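Reading the structure
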Amino acid sequence: FIQMLRSAKKRDVLQLLRRAPEEMLPFVVEAAVAAQSVASLAALSDFLDFGKEPKSLLEKFLYAAAFSPRPSGELLRLVLDKLDGKQLAPEVQETGIVAMGSLIGKLCQQKLCGLQQEVERGVETILRGLRGAEEESEVVIYLLALGNAVLPETIPSLLDHAEEGPATITTAAISALRQFPTRHISGKVKRAMRRIFHEKRKSYEKTCRLAAAEILLDNEPSPMDVINILLAANELETETATFLLLKVQNSLR
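If you're wondering where the values come from, they're calculated on a predicted model, not measured in any experiment.

1. Description of the environment of Ile 126
Inspection of the secondary structure puts Ile 126 in helix α8 (residues 117-132). Each C-alpha atom of the pair Ile 126 and Val 226 lies 35 Å from the other, and the pair is 100 residues apart in sequence. Once you skip the residues sitting within four places of it in the chain, Ile 126 turns out to touch Met 100, Gly 101, Ile 104, Tyr 142, Ala 145 and Leu 146.

2. Quick word on a negative patch on the surface
Negative charge collects at one region of the surface, where Glu 94, Glu 134, Glu 135, Glu 136 and Glu 138 lie side by side. Summarising the element assignment, Glu 138 is placed in helix α9 (residues 136-149).

3. Looking at the nonpolar core
If you look at the biggest cluster of nonpolar residues, it comprises 86 residues, and the most contacted ones within it are Leu 17, Leu 44, Phe 50, Phe 61, Ile 104 and Met 193. Filtering out sequence-adjacent residues up to four positions away, Phe 50 remains in contact with Leu 58, Phe 61, Leu 62, Lys 82, Leu 83, Lys 86, Leu 88 and Val 92.

4. Looking at the side chain of Ser 102
Its place among the elements puts Ser 102 in helix α7 (residues 90-109). Excluding residues that lie within four positions of it along the chain, Ser 102 makes contacts with Ala 66 and Asn 148.

5. Quick look at the packing of helix α11 (residues 167-177) against helix α13 (residues 206-218)
Packed helices, taken two at a time, are described by the angle between their axes plus the distance between the axes. α13 packs onto α11 with a crossing angle of 15° between their chain directions and a minimal axis gap of 9 Å. Considering the angle they form, α11 stands roughly parallel to α13. Crossing handedness for the pair α11 and α13: left-handed. Judged by residue contacts, Ala 167, Thr 170, Thr 171, Ile 174 and Leu 177 of α11 engage Thr 207, Cys 208, Ala 211, Ala 212 and Ile 215 from α13. A breakdown of the residues in the contact of α11 with α13 according to their chemical character gives 7 nonpolar, 3 polar and no charged.

6. Observations concerning the layout of surface pockets
By volume, the largest pocket is sized at about 550 Å³. Of all the elements in the fold, those that place two or more residues in the lining of the largest pocket are α6 (73-83), α7, α8 and α9. Considering every element that reaches the lining of the largest pocket, the biggest residue donor is α7, with 5 residues. Its residues assigned to classes, the lining of the largest pocket shows 9 nonpolar, 6 polar and 7 charged. There is about 220 Å³ of room inside the second largest pocket. Within the residue set of the lining of the second largest pocket, elements represented by two or more residues are α7 and α9. Take the lining of the second largest pocket: its biggest share by element is 3 residues, from α7. Residues of the lining of the second largest pocket, tallied by class, amount to 5 nonpolar, 5 polar and 2 charged.

7. Some thoughts on the environment of Ala 172
Tracing the backbone through its elements, the reader meets Ala 172 in helix α11. Take Ala 172: its relative accessible area is 9%, and that puts it in the buried class. Remark: the alpha-carbon pair of Ala 172 and Leu 144, spanning 28 residues in sequence, is separated by 6.6 Å. When residues no more than four places from it in sequence are discounted, the contact partners of Ala 172 are Val 140 and Leu 143.

8. Side note on the pattern of salt bridges
Counted by the stated rule, this structure contains 17 salt bridges. Of the charged contacts in the structure, one is a salt bridge between Glu 30 and Lys 60, with a shortest N-O distance of 3.7 Å. Of the two residues, Glu 30 is situated in helix α3 (residues 25-35) and Lys 60 in helix α5 (residues 55-66); the sequence distance between them amounts to 30 residues. The partner of Lys 206 in a salt bridge is Glu 237, and the shortest N-O contact between them spans 3.1 Å. Here Glu 237 lies in the loop between α14 (223-233) and α15 (238-252) and Lys 206 lies in helix α13, a separation of 31 residues in the sequence. The partly exposed category is assigned to Glu 237, whose relative accessible area is 48%. A single network of salt bridges, built from pairs that share partners, joins Arg 178, Glu 214, Asp 218 and Lys 247.

What counts and what doesn't
Residues numbered from 1 in each chain as written. Predicted model: local features only at pLDDT ≥ 70, side-chain atom pairs only at ≥ 80, totals over all residues. Heavy atoms only, no water. Helix = DSSP H or I, 4+ residues; strand = E, 2+ residues; numbered from the N terminus. Contact = heavy atoms within 4.5 Å. Patch = residues over 30% accessible without salt bridge, like charges linked within 9 Å, V, L, I, M, F, W, Y side chains within 5 Å. Areas by Shrake-Rupley, 256 points an atom, 1.4 Å probe, with all protein chains shown as cover. Salt bridge = Lys/Arg side-chain N within 4 Å of Asp/Glu carboxyl O. Lys, Arg positive; Asp, Glu negative; His and termini not counted. Charge placed at Lys NZ, Arg CZ, Asp CG, Glu CD. Core = buried A, V, L, I, M, F, W, Y, C linked by side-chain atoms within 4.5 Å. Buried < 20%, exposed > 50% of the residue type's maximum accessible area, 1.4 Å probe, protein only. Axes fitted to C-alpha atoms, helices over the stretch in contact; angles between N-to-C directions. Parallel < 35°, antiparallel > 145°, perpendicular 65-115°, else oblique. Left-handed = near helix turned anticlockwise from the far one by under 90°. Nonpolar A, V, L, I, M, F, W, Y, C, P; charged D, E, K, R; others polar. 1 Å grid on protein atoms, 1.4 Å probe; cavity = no way out; pocket = protein on both sides within 12 Å on 5 of 7 lines; lining within 4 Å. Points joined across faces, edges and corners; volume = space filled by probe spheres on them.

By themselves, these observations are geometric and do not establish any function.
Put into structure tokens, the structure is as follows:
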């Protein structure tokens, strides 16, 4: 069916979308995303009205885009165009932001990061949204998107949120940092994680401190980091200390 859609003309795909029975429509939308031909994406662009379609169908489209194993720049452009400047239901908006991050990350894995204007536009959209977010829950969604995108240039922003935010934001920012390969966990990142774990500037919730310790232990830990984490573990409750000891053992193997 997907092969058929790949060779179909735009008007044929559009007709199929318009005539599909309601219960079949999500399947046809998913297939059109999977086909990723110029015609199928153009048909989706014409068919999907983000102001009118039921939320469930729009979310189905965005999930299909997010889980696409080898997305194209055109698919990211379609998502960006559909989300751009529209008043959407919060669930659709959130799914769209996370999907955007996922698409950017996969395009960059395909070494298409610098070749696609859409990637630049997507990153700017996420960072602009993060700067303008007022609710904690909004900030967390944008941080999740940055974690999906895994772009080294966003690390300074993630570090700011990790150190300065309340617990949910700190946790989301550290979780995003954990997506990065070891080569991007620089001295600057490690210094920030030490400040969080050892509570140098302010106190942090246990989950935040543990997440910071995990970044230190999972990315070529220095002997001093290991020693200091073990010393600090003595002052923590048994369950937390046991978790840290296991992490230390694994990192030393």
